[in-house]
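So you can see what is in the structure, the chains are spelled out below.
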Amino acid sequence: MDATAKPDLHLVYTSDANYLFLTAVAVCSAFAQTSDSTRLAIHVLDCGIADDAWETWRADMVRRTGSERFYRHTIDVSRFEGLPLWKGSIATYARLCPPEILTDLDWCVYADGDTLFVDDPLSLTDFFDPSVGLWGYGWDVQEQISNQGVSGVSRCLRWCAENGLDEDFPVYVCAGFLVYNLRWMREFDFTARCLNFLRSYECVPYIDEMSINYICRGHISLLPHEWGLFSMHACEVLKPKCIHYIAEPLRALRFSPKVGYRDVIAVWVTAAKALLGCGTREACGVPEWKWILGRLYTRSLTGIAVVLQLMPGGGK
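Residues numbered from 1 in each chain as written. Predicted model: local features only at pLDDT ≥ 70, side-chain atom pairs only at ≥ 80, totals over all residues. Heavy atoms only, no water.

Caption draft 1: Highlighting the pairing of strand β4 (residues 107–111). For β4, the tally of buried residues reaches 5 of 5 residues, placing the bulk of the element in the interior. Summarising the sheet, strand β1 (residues 9–15) and β4 pair through 2 bridges and their orientation is parallel. Each residue of the ladder has a partner; that of V12, found in β4, is Y110. Pairing between β4 and strand β7 (residues 171–181): 5 bridges, direction antiparallel. Each residue of the ladder has a partner; that of Y110, found in β7, is L178. (Buried < 20%, exposed > 50% of the residue type's maximum accessible area, 1.4 Å probe, protein only. Helix = DSSP H or I, 4+ residues; strand = E, 2+ residues; numbered from the N terminus. Pairing = 2+ DSSP bridges.)

Next up, the structure:
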């Protein structure tokens, strides 16, 4: 192999039958934004997909992307028996398994299905630094403490103190978008250590995410804020690269009298319709007429807000 050749990017998603649509949007966004589709490979950690559903989904992805590099890895969820569910599902723990499953790879990127690439995913290979265990979207902990920032970080620190654990977290990252140094993780016995941690304590906040941050503390680096940023913060950067629609009910959108249907949500809905050729109702559970009226409502509120801001004493 040419020593100057750029590495491939292996994207890993967890899915069951109900999550395949979201995963399809995420995957297709990666191919739509990539500068070289031959360098992308997709791995799906199967937590409950019937064979016929998988074959149908894979065939559709091959047709849409022109790539054959789609791989299915069946997860034995029984190994997570007794651990608490996350939003009614045990599948969250699958993200701990890539080091054991992808034994022939040194690097991968784990992404939740509710992520959307809006820039070239291959840029993530720039973070393949052997001195770093994993990279993620997150926060400098001391900075958050000083600024009374992210409440979830404070909750985790309080929990550690209550359980007599080390509170020295340089950084804290969201587990929904991570660059994995698989070779280091295997040497570190990452999967077993995280699962042992979860079985050793009760009421662990953010369960698998907490285990990753605690077990790997000191070996985690922060990605630039553009990568994996939460949808509610998407307007805080000039050009997002991957948006994480955390806590957004993308398949069953709810109209909000305060904001209507936000612009960042419209980005995802537009992408889903364009990439998968579906209608508005199929994409987000909202009839086309309601979506149009909701977006007009949002635009109207924006216009009113701009006018008020320009008026004397209008403020923000």
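Here the narrative resumes, following the displayed structure.
Caption draft 2: Up close: the sheet that holds strand β10 (residues 242–244). Judged by pairing direction, the sheet is mixed, and its 3 strands sit side by side in the order β5-β10-β9 without closing on themselves. Across the chains shown, the open sheet's two edge strands, defined by having one partner strand only, are β5 (115–117) and β9 (227–230). Each strand of the sheet is rotated relative to its neighbour by a mean of 25°, with strand direction disregarded. Pairing analysis gives 3 bridges linking β5 to β10, with the strands arranged antiparallel. Across the sheet, the residue bridging to F117 is C242, located in β10. (Axes fitted to C-alpha atoms, helices over the stretch in contact; angles between N-to-C directions.)

Caption draft 3: Focus on the packing of helix α1 (residues 20–33) against helix α9 (residues 263–276). The geometry of α1 relative to α9 is characterised by a closest axis approach of 10 Å and an angle of 80° between their N-to-C directions. Classified by the angle their axes make, α1 and α9 are roughly perpendicular. Seen from α1, the contacting residues are F21, L22, A24, V25, C28, S29 and A32; seen from α9, they are W268, A272, L275 and L276. Taken together, the residues of the contact of α1 with α9 sort by class into 10 nonpolar, 1 polar and no charged. (Parallel < 35°, antiparallel > 145°, perpendicular 65-115°, else oblique. Contact = heavy atoms within 4.5 Å. Nonpolar A, V, L, I, M, F, W, Y, C, P; charged D, E, K, R; others polar.)

Caption draft 4: Summary view of the environment of L102. Here L102 shows up in the loop between α3 (98–101) and β4. With relative accessibility at 3%, the residue L102 sits in the buried group. C-alpha separation for the pair L102 and T65, spaced 37 residues apart in sequence, amounts to 23 Å. In this structure, L102 is in contact with V12, H43, H73, C108, L182 and R186, ignoring residues within four places of it in sequence.

Caption draft 5: How the structure looks around the pattern of salt bridges. One pass over the full model with this rule turns up 17 salt bridges. Across the pair R64 and D60 runs a salt bridge, and its minimum N-O distance is 3.0 Å. In this pair, R64 and D60 are both assigned in helix α2 (residues 51–65), 4 residues apart and thus about one turn of the helix distant. The partly exposed category is assigned to D60, whose relative accessible area is 22%. (Salt bridge = Lys/Arg side-chain N within 4 Å of Asp/Glu carboxyl O.)

Caption draft 6: Layout of the environment of V132. One can find V132 in the loop between β5 and β6 (134–140). Residue classification places V132 among the buried residues on the basis of a relative accessible area of 7%. Spatially, the C-alpha atom of V132 lies 19 Å from that of V12, the residues being 120 residues apart in sequence. Setting aside chain neighbours within four positions, we find V132 in contact with W107, N181, H219 and S221.

Caption draft 7: Summary view of the environment of L198. Mapped onto the elements of the fold, L198 is located in helix α7 (residues 190–200). On the accessibility criterion, L198 (6% relative accessible area) is buried. Note: C-alpha distance between L198 and F80 (118 residues apart in sequence) is 9.8 Å. If near-sequence neighbours (up to four positions away) are discounted, L198 is found in contact with L83, Y93, L96, V204, I207, D208 and S211.

Caption draft 8: Layout of the sheet that holds β6. With respect to topology, 7 strands assemble into an open sheet ordered β3-β2-β1-β4-β7-β6-β8, the strand pairing being mixed. Looking at strand neighbours, the two that pair on one side only are β3 (70–74) and β8 (220–222), the edges of this open sheet. Taking each pair of neighbouring strands and ignoring which way they run, the sheet shows an average axis angle of 35°. Across the sheet, α1 lies against β1, β2 (40–46) and β3, angled at about 165° from β1, the strand it touches most. Running at roughly 80° to β7, helix α8 (residues 207–215) makes contact with β6, β7 and β8 of the sheet.

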